[in-house]
Amino acid sequence: MAITTAPGTTTRKPGRPASPYSARPERTNLGRKVRDNLTGHAFLIGAVLCFIVFSWYPMIRGIVMSFQRTRRGETTWVGWDNYVRIVADPSFWTAWQNTIYFTVLALLLGYGVPFFVAILLNEFRHAKGYLRILVYLPVMLPPASALFLFKFYAYDPSEAGLFNAILKALHLPTSQWMQSPEMTMPAMVIASTWMNMGSAVLIYLAALQNVPGELYEAAELDGAGLWRRIVNVTIPQTRLILALLAMLQIVATMQLFIEPLILANGAGSEDSATSVAYLIYQHGFFQNDLNGAAALGVIMLVVLAGFSAVYVRLSARQD
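Quick summary incoming for the structure in this document. (Residues numbered from 1 in each chain as written. Predicted model: local features only at pLDDT ≥ 70, side-chain atom pairs only at ≥ 80, totals over all residues. Heavy atoms only, no water.)

### Comments concerning the packing of aromatic side chains
- If you walk through the whole model with that rule in mind, you get 21 aromatic pairs.
- Measuring from centroid to centroid gives 5.7 Å for Phe51 and Trp56, while their planes differ by 25°, and the two rings are stacked.
- For Phe51, a relative accessible area of 46% puts it in the partly exposed group.
- A relative accessible area of 41% means that Trp56 is categorised as partly exposed.
- Among the aromatic residues, those joined into a ring-pair cluster are Phe150, Tyr155, Phe163, Trp177 and Trp194. (Phe/Tyr/Trp six-rings, centres within 6.5 Å; stacked < 30°, edge-to-face > 60°. Buried < 20%, exposed > 50% of the residue type's maximum accessible area, 1.4 Å probe, protein only.)

See below:
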């Protein structure tokens, strides 16, 4: 019941208790900040624990093992002996030569093709969503399934193979593909590019969407064609993304493993597919040389860390 005290205003009857919602104390800023900090630190602690258990501890353990030798359950400290033994192995230099060759080919093909595919997709006015799904589809396939598809269907050395059938239709000489030492690395680069370029294309497309349209309009008014627009507008405006993906491409391709394992059954013809990562696998699981495998892993870690440091230094200078 309310009592009118003035035109347009009311007051409650004396003695009636106020609503329980009006009596509830408001949350203090201090309590809210404490709860927010506790939630944030809880997520942070969980992430740090995951890194410690699954990343940092195995890395430190591998570095320690590279200076040890384990025989019949007994571990002794041998210093640099594992590194000297690994470097003296001829397969070490063959593996590095193959890995660097694969990385260079992947930069020429697997790095440039996604960029130009993204530019072409960006030029289309219709069916952009359908084309993006079509390009990204190979990424959805498990890598092993995609590689087996290439091995038994595309790279069949007979004329029934897809690529040989295409070459024959074009009146070109066919190839033995994975059975040929000269074609092993190019064939693996083609398969790797087809499997992984979908993610790079989407990243490039996102970067291209941020390029101001006024720049392209000004270039067109100056009479610039597609190639000049790419060189003078697209590449300068996406320079940071191009540099970042180049570094990620090099780091990923130098860890070449699953392609030689499936396509070339490991080493390939005349060790033409042996990579550093596969050599680590061979030492650890076939030769039961975990200390040598750890030494190889540390060498790869140092090489990739040195490359990343150079990239960061050059990026800082450019900024």
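### As for the packing of helix 5 (residues 128-140) against helix 8 (residues 184-209)
- Where helix 5 contacts helix 8, the two axes come as close as 5 Å, and the packing angle between them is 140°. Classified by the angle between their axes, helix 5 and helix 8 sit oblique to one another. The hand of the helix 5/helix 8 crossing is left-handed. Here Arg132, Val135, Tyr136, Pro138 and Val139 of helix 5 lie close against helix 8, whose contacting residues are Trp194, Met195, Met197, Gly198, Ser199, Val201, Leu202, Leu205 and Gln209.
- Partitioning the contact of helix 5 with helix 8 into residue classes produces 10 nonpolar, three polar and one charged. (Axes fitted to C-alpha atoms, helices over the stretch in contact; angles between N-to-C directions. Helix = DSSP H or I, 4+ residues; strand = E, 2+ residues; numbered from the N terminus. Parallel < 35°, antiparallel > 145°, perpendicular 65-115°, else oblique. Left-handed = near helix turned anticlockwise from the far one by under 90°. Contact = heavy atoms within 4.5 Å. Nonpolar A, V, L, I, M, F, W, Y, C, P; charged D, E, K, R; others polar.)

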